[in-house]
Amino acid sequence: MLYGEKEIKEFDIKRDLELWTNTVENDYIIKITLPEFCCLCPRSGYPDFATIYVEYIPYKLVVELKAIKLYINSFMNRNVSHEVSINEIYNTLKNTLKPKWIKVVGDFNPRGNVHTVIECRSDIVVPKEPLANLK
């Protein structure tokens, strides 16, 4: 196994997502583009490709770029839907970094004449109804 394959295969989010202290007092936005996201369709096993856009206003922590690259690459052999993958990335970064604001967008390449964009943002508040009311 090549060293990159080993790093991706053995990546553990709790152990390997390296965080740094934000030493800047100003509010500022960090924008990260990850153009080579890949995961496997949970139904067919075919690969799905996307560009992931992460934007956040840090509070006390920032994520190290190689660590987020390895985290994103850890999806490449997982059978996971577009919606689940983007929500997982969003929740992981939101809960780990605890930023002042965060947005994660997955812009998936068209497959079968369908183009999907999934967006999660911390400034969207939608009242939740009990599932029984959604008939």
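That block above? That's the structure.
Residues numbered from 1 in each chain as written. Predicted model: local features only at pLDDT ≥ 70, side-chain atom pairs only at ≥ 80, totals over all residues. Heavy atoms only, no water.

Visitor: How should unusual backbone geometry be read in this particular structure?
Guide: Glycine aside, residues mostly have negative phi angles, and peptide bonds mostly take the trans form. Non-glycine residue K98 carries a positive phi angle of around 50°. For K98, the location among the structural elements is in the loop between α4 (82–97) and β5 (101–108). Despite not being glycine, N113 has its phi angle at roughly 70°, a positive value. Tracing the backbone shows N113 in the loop between β5 and β6 (117–121). Residue classification places N113 among the exposed residues on the basis of a relative accessible area of 79%. (Helix = DSSP H or I, 4+ residues; strand = E, 2+ residues; numbered from the N terminus. Buried < 20%, exposed > 50% of the residue type's maximum accessible area, 1.4 Å probe, protein only.)

Visitor: Help me understand the nonpolar core, please; the structure alone is not making it clear to me.
Guide: Across soluble globular proteins, you tend to see nonpolar side chains buried next to one another. Membership of the largest hydrophobic core comes to 31 residues, with the highest contact counts inside it found for F37, V54, Y56, I89, L93 and V104. Excluding residues that lie within four positions of it along the chain, V54 makes contacts with I30, K31, I32, L34, I68, L93, K103 and V104. (Core = buried A, V, L, I, M, F, W, Y, C linked by side-chain atoms within 4.5 Å. Contact = heavy atoms within 4.5 Å.)

Visitor: How do you make sense of the packing of aromatic side chains when you look at a structure like this?
Guide: Aromatic ring pairs are reported here in terms of the distance separating the ring centres and the angle at which the planes meet. For the coordinates displayed, the defined rule picks out four aromatic pairs. With a centroid separation of 6.0 Å and an interplanar angle of 90°, the aromatic rings of F37 and F108 are classed as edge-to-face. With F37 in strand β2 (residues 30–40) and F108 in strand β5, the pair connects residues that are 71 residues apart, well separated along the chain. Grouping residues by exposure puts F37 and F108 together as buried. A ring pair is formed by Y71 and F75, whose centres lie 5.5 Å apart and whose planes are at 70°; its orientation type is edge-to-face. On the basis of relative accessibility, which here comes to 0%, the residue F75 falls in the buried class. Pairwise contacts between aromatic rings join F11, F37, Y71, F75 and F108 into one cluster. (Phe/Tyr/Trp six-rings, centres within 6.5 Å; stacked < 30°, edge-to-face > 60°.)

Visitor: Looking at this structure, I do not really get helix α3 (residues 65–73). What am I missing?
Guide: Helical geometry note: an α-helix holds 3.6 residues per turn, so side chains three or four residues apart project in the same direction. Among all positions in α3, only A67, I68, L70, Y71, I72 and N73 are buried. Lining the buried residues of α3 we find α1 (3–9), α2 (13–16), β2, β3 (47–57), β4 (61–63) and α4. Capping of α3 at its N-terminal end is provided by E64; its side-chain oxygen lies 3.1 Å from the backbone amide nitrogen of K66. (Polar contact = N/O pair within 3.5 Å; in protein donor to acceptor, adjacent residues only side chain to side chain.)

Visitor: Would you mind going over the sheet that holds β6 with me for this structure?
Guide: Each strand in a sheet pairs with its neighbour through backbone hydrogen bonds, running either in the same direction (parallel) or in the opposite one (antiparallel). Strand order across the open sheet formed by four strands is β2-β3-β5-β6, with antiparallel pairing between neighbours. Each of the sheet's edge strands pairs with one partner strand only, and the pair in question is β2 and β6. Geometrically, the sheet is characterised by an average inter-axis angle of 15° between neighbouring strands, direction not taken into account. Note that β5 and β6 share five bridges and pair antiparallel. Looking at β6, one finds that V104 is bridged to C120. In this fold α3 packs onto β2 and β3, with an angle of close to 25° to the strand it touches most, β2. Contacting β2, β3, β5 and β6, α4 runs over the sheet at an angle of about 160° to β5. (Pairing = 2+ DSSP bridges. Axes fitted to C-alpha atoms, helices over the stretch in contact; angles between N-to-C directions.)

Without other data, these values stay purely geometric and don't point to any function.
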